[in-house]
Amino acid sequence: MSITEGSPSRPRGRNETEEERADRMWGELIQEVRVAQMGVQILFGFLLTVVFTPTYRTLEDTDQTIYIVTVVLGAAATGALIGPVSLHRLVSGRRVKPQAVTWASRLTFVGLVLLLATMTCSLLLILRVATHNPYVPWLVTAVLVWYLLCWYALPLWTRHHHTSR
């Protein structure tokens, strides 16, 4: 029997109260958000500067539209990933941490989906401008599939195969 399977003499999981569980989950969530926030804020900051470069004015209408969509997605991702911090600050001390963890988790998930869209659109724009080759959509699709595998498929597979029933 592997260490992850548990045994009849030793139950799986933690012996913690709802508040202790919420505290632990909050700490874990905030660490996850810090990683995602860093990425989205760097990407969003870079995107904000593009419009002020001389090259922006020479972009085709399609590329300018992709840029605008990408900036809006980046702004939305930033908002969703900063949301848990604001949520915590506004409800701190109100004895609603379990509910705050639930909502912060949902905001983080939405932020990650928006970050996925922002990164995909950014890659599309950069490769269209840099190469003008017809293989760009295929390359972007391949990277998108990679993101989906890393961010969603593997975690969901792990959740399905390693969660106790």
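Procedures and definitions
Residues numbered from 1 in each chain as written. Predicted model: local features only at pLDDT ≥ 70, side-chain atom pairs only at ≥ 80, totals over all residues. Heavy atoms only, no water. Axes fitted to C-alpha atoms, helices over the stretch in contact; angles between N-to-C directions. Helix = DSSP H or I, 4+ residues; strand = E, 2+ residues; numbered from the N terminus. Parallel < 35°, antiparallel > 145°, perpendicular 65-115°, else oblique. Left-handed = near helix turned anticlockwise from the far one by under 90°. Nonpolar A, V, L, I, M, F, W, Y, C, P; charged D, E, K, R; others polar. Expected span 1.5 Å × (residues − 1). Buried < 20%, exposed > 50% of the residue type's maximum accessible area, 1.4 Å probe, protein only. Contact = heavy atoms within 4.5 Å. Patch = residues over 30% accessible without salt bridge, like charges linked within 9 Å, V, L, I, M, F, W, Y side chains within 5 Å. Areas by Shrake-Rupley, 256 points an atom, 1.4 Å probe, with all protein chains shown as cover. Salt bridge = Lys/Arg side-chain N within 4 Å of Asp/Glu carboxyl O. Phe/Tyr/Trp six-rings, centres within 6.5 Å; stacked < 30°, edge-to-face > 60°. Lys NZ or Arg CZ within 6 Å of the ring centre and 35° of its normal.

Colleague: Go over the packing of helix H2 (residues 61-91) against helix H3 (residues 97-131) with me, naming the residues and quoting the values.
Modeller: At a minimum axis separation of 8 Å, H2 and H3 run at an interaxial angle of 160°. Between H2 and H3, the angle falls in the class roughly antiparallel. In the packing of H2 onto H3, the handedness of the crossing is left-handed. Its residues placed into classes, the contact of H2 with H3 shows 24 nonpolar, nine polar and three charged.

Colleague: Describe helix H4 (residues 136-162), with residues and values.
Modeller: Here H4 contains 27 residues, and its C-alpha end-to-end distance of 37 Å stays within 8% of the 39 Å for a straight helix at 1.5 Å per residue. Every buried residue of H4 is accounted for by Val136, Val140, Tyr147 and Tyr152. Considering only its buried residues, H4 is in contact with H3.

Colleague: How would you summarise a nonpolar patch on the surface if you had to cite specific residues and measurements?
Modeller: A cluster of nonpolar residues, Tyr135, Trp138 and Leu139, forms a patch on the protein surface that exposes about 380 Å² of accessible area. Inspection of the secondary structure assignment puts Trp138 in helix H4.

Colleague: I'd like a description of the pattern of salt bridges, backed by residues and values.
Modeller: Applying the stated criterion to the full structure yields five salt bridges. The salt bridge partner of Glu16 is Arg24, with a shortest N-O separation of 2.7 Å. In this structure, Arg128 and Asp63 form a salt bridge, with 2.5 Å as the shortest nitrogen-oxygen distance. With a gap of 65 residues between them, Arg128 in helix H3 and Asp63 in helix H2 connect regions that are remote in the sequence.

Colleague: So what's going on with unusual backbone geometry? Which residues, and what values?
Modeller: Peptide bonds are trans in most cases, and residues, glycine excluded, mostly fall at negative phi. Positive phi, close to 60°, is recorded for Arg95, a residue that is not glycine. Structurally, Arg95 can be placed in the loop between H2 and H3. Arg95 gets classed as exposed once you look at its relative accessible area, which sits at 81%. Positive phi outside glycine occurs at His132, with the angle close to 55°. Assignment of secondary structure puts His132 in the loop between H3 and H4. For His132, a relative accessible area of 59% corresponds to the exposed category.

Colleague: Go over the packing of aromatic side chains, please, and point to the residues and values.
Modeller: Within this structure, the stated rule accounts for four aromatic pairs. Seen from their ring centres, Tyr147 and Trp151 are 5.4 Å apart, and the 20° between their planes marks the pair as stacked. Of this pair, Tyr147 and Trp151 both sit in helix H4, four residues apart, which is roughly one turn of that helix. Residue Trp151 is classed as partly exposed on the basis of its relative accessible area, which comes to 28%. With a centroid separation of 6.5 Å and 65° between ring planes, the pair formed by Trp151 and Tyr152 is classed as edge-to-face. Chaining the aromatic ring pairs together yields one cluster made of Phe109, Tyr147, Trp151 and Tyr152. For the cation-ring pair, Arg106 lies above Trp103, with the distance from its terminal atom to the ring centre recorded as 4.7 Å.

Colleague: Summarise the environment of Thr62; cite the residues concerned and give the values.
Modeller: If you trace the backbone, Thr62 turns up in helix H2. Judged by its relative accessible area of 43%, Thr62 falls in the partly exposed class. Through-space distance from the C-alpha of Thr62 to that of Glu16 is 54 Å; in sequence the pair is 46 residues apart.

Keep in mind these values describe shape, not function.
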